[in-house]
Amino acid sequence: MSEPVAINPRIIEALYCEALILSDEVRHTFTLSGRLECAGTDEDLTRIALSSEGLRTTTRMMHAIAWLLNHRAYFMGEINELQLRRHGRLSPDMHRSEPKQLALLEPPVIRLVEATRRFYERLLRLDQSWRLTEQGRSSAVERLRERIERRLVS
């Protein structure tokens, strides 16, 4: 297994820029004005899929940006490491999409949803790696909380 990655300000800034670009693409792609008027009544499932995946994808990216902003605040000295560890967690379930709904969408939309999912998974790996490097320093309460969260995910 590879050595845990040390998160540094350069990595966070690069990821933050990437997140902003992806978020802008998500906003542009899932803007529904104009799309709903041209859709017929037979396309209700597609409209629901577009709305659902749009909300899911937007939420995923907003959580990613919040995580990155917490790390930026830490590196700027605005919050301490304890605050970052306590409030800077990523939800492991945020990256999931509904396969049936995804199948109803156009290929460019599917590619964007997948790109945001892969981006979020990268952040999850970074976060988990970072937390593992300091696991020995965590309190008993933190260790218990992490074990409970792991069991809930399983």
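Position labels on residues start from 1 in each chain and follow its written sequence. Side-chain atom pairs in this predicted model are given and counted only at pLDDT of 80 or more, local residue features only at pLDDT of at least 70, and totals for whole chains, interfaces and linings cover all residues. Excluding hydrogens and water, the side-chain values take into account all heavy atoms of the structure.

S.K.: Explain the nonpolar core to me, please; I cannot follow it from the model alone.
M.R.: For soluble globular proteins, the rule of thumb is that nonpolar side chains tend to be buried together. Here the nonpolar core consists of buried residues drawn from Ala, Val, Leu, Ile, Met, Phe, Trp, Tyr and Cys, with membership extended through side-chain atoms lying within 4.5 Å. The buried label goes to any residue with under 20% of its type's maximum accessible area, the exposed label to any with over 50%, and the partly exposed label to all in between, with areas taken from a 1.4 Å probe on protein chains only. Membership of the largest hydrophobic core comes to 29 residues, with the highest contact counts inside it found for Phe30, Trp67, Leu68, Phe119 and Leu123. Each helix is a run of H or I in the DSSP string that is no shorter than four residues. Each strand is a run of E no shorter than two, and both are numbered from the N terminus. Elements supplying a minimum of two residues to this core: helix 1 (9-29), helix 3 (44-75) and helix 6 (107-133). It is helix 6 that contributes the most residues to this core, nine residues altogether. Every residue pair with non-hydrogen atoms within 4.5 Å of one another is taken to be in contact. If near-sequence neighbours (up to four positions away) are discounted, phenylalanine 119 is found in contact with Leu15, Glu18, Ala19, Leu22, Met61, Ala64 and Leu68.

S.K.: Any chance you could explain the pattern of salt bridges here in plain terms?
M.R.: Close approach of charged atoms lets side chains of opposite charge pair. Each reported salt bridge corresponds to a side-chain nitrogen of Lys or Arg within 4 Å of a carboxyl oxygen of Asp or Glu. This model, assessed by the stated rule, comprises eight salt bridges. Between glutamate 53 and arginine 56 there is a salt bridge; the shortest N-O distance is 2.5 Å. With a gap of three residues between them, glutamate 53 and arginine 56 both fall in helix 3, about one helical turn apart. Owing to a relative accessible area of 0%, glutamate 53 belongs among the buried residues under this scheme. Measuring nitrogen to oxygen at the nearest pair gives 3.1 Å for the salt bridge that ties arginine 85 to glutamate 81. Remark: glutamate 81 and arginine 85 occur in helix 4 (residues 81-87); sequence separation between them is four residues, near one turn of the helix.

S.K.: So what exactly am I meant to see when it comes to a nonpolar patch on the surface here?
M.R.: Residues qualify for a patch when their relative accessible area is over 30% and they have no salt bridge, like charges being joined within 9 Å and the nonpolar side chains of Val, Leu, Ile, Met, Phe, Trp and Tyr within 5 Å. Calculation of accessible area relied on Shrake-Rupley with a 1.4 Å probe; when residues are assessed, cover is drawn exclusively from the protein chains displayed. Together, Leu45, Ile48 and Leu104 give the surface a local cluster of nonpolar side chains, amounting to about 300 Å² of exposed area. Tracing the backbone shows leucine 45 in helix 3.

S.K.: Hey, could you run me through helix 1 in this one?
M.R.: For helix 1, which comprises 21 residues, the first-to-last C-alpha distance of 30 Å matches the rise-based estimate of 30 Å (1.5 Å per residue) to within 8%. When helix 1 is considered as a whole, its buried residues turn out to be Ile12, Leu15, Tyr16, Ala19, Leu22, Ser23, Val26 and Thr29. All buried residues of helix 1 lie within an arc of 145° about the axis, which places them on one face of the element. Facing away from the buried side of helix 1 by more than 90 degrees, the exposed set consists of Arg10, Ile21 and His28. A 3.5 Å cut-off defines polar contacts: any pair of N or O atoms within that distance qualifies, except that in protein one atom must be a possible hydrogen donor and the other a possible acceptor, and neighbouring residues in sequence count only when both atoms are side-chain atoms. N-capping of helix 1 is provided by asparagine 8, with a side-chain oxygen placed 3.0 Å from the backbone N of arginine 10. For a helix, the expected span equals 1.5 Å multiplied by the number of residues minus one. Of all possible arcs, the one meant is that of the directions from the helix axis to the C-beta atoms.

S.K.: Would you mind showing me how to read a positive patch on the surface here?
M.R.: Judged by side-chain charge, Arg143, Arg147, Arg150 and Arg151 come together as a positively charged surface patch. With respect to the helices and strands, the residue arginine 151 is situated in helix 7 (residues 140-153). The exposure class of arginine 151 is exposed, given its relative accessible area of 66%. In this tally, Lys and Arg are treated as positive and Asp and Glu as negative; His is ignored, and so are the chain termini. A charge is said to be at NZ when it belongs to Lys, at CZ for Arg, at CG for Asp and at CD for Glu.

S.K.: Explanation requested: the packing of helix 1 against helix 3 in the structure shown.
M.R.: Each pair of packed helices can be described by the angle between their axes along with the distance between the axes. Running from amino to carboxyl end, helix 1 crosses helix 3 at an angle of 155°, the nearest separation of the two axes being 9 Å. Taken together, the axes of helix 1 and helix 3 are roughly antiparallel relative to one another. The interaxial crossing formed by helix 1 with helix 3 has left-handed handedness. Along the contact surface, helix 1 presents Pro9, Ile12, Glu13, Leu15, Tyr16, Ala19, Leu20, Leu22, Ser23 and Val26, while helix 3 presents Thr57, Thr58, Met61, Met62, Ile65, Trp67, Leu68, Leu69, His71, Arg72 and Phe75. For helices, the fitted axis covers only the stretch in contact; all axes are lines through C-alpha atoms, and the angles between them, taken along N-to-C directions, range from 0 to 180 degrees. Here is the rule for angles: anything less than 35 degrees is roughly parallel, anything more than 145 is roughly antiparallel, 65 through 115 is roughly perpendicular, and the remaining ranges are oblique. For a crossing to be left-handed, the near helix must be turned anticlockwise from the far one by less than a right angle; the clockwise case is right-handed.

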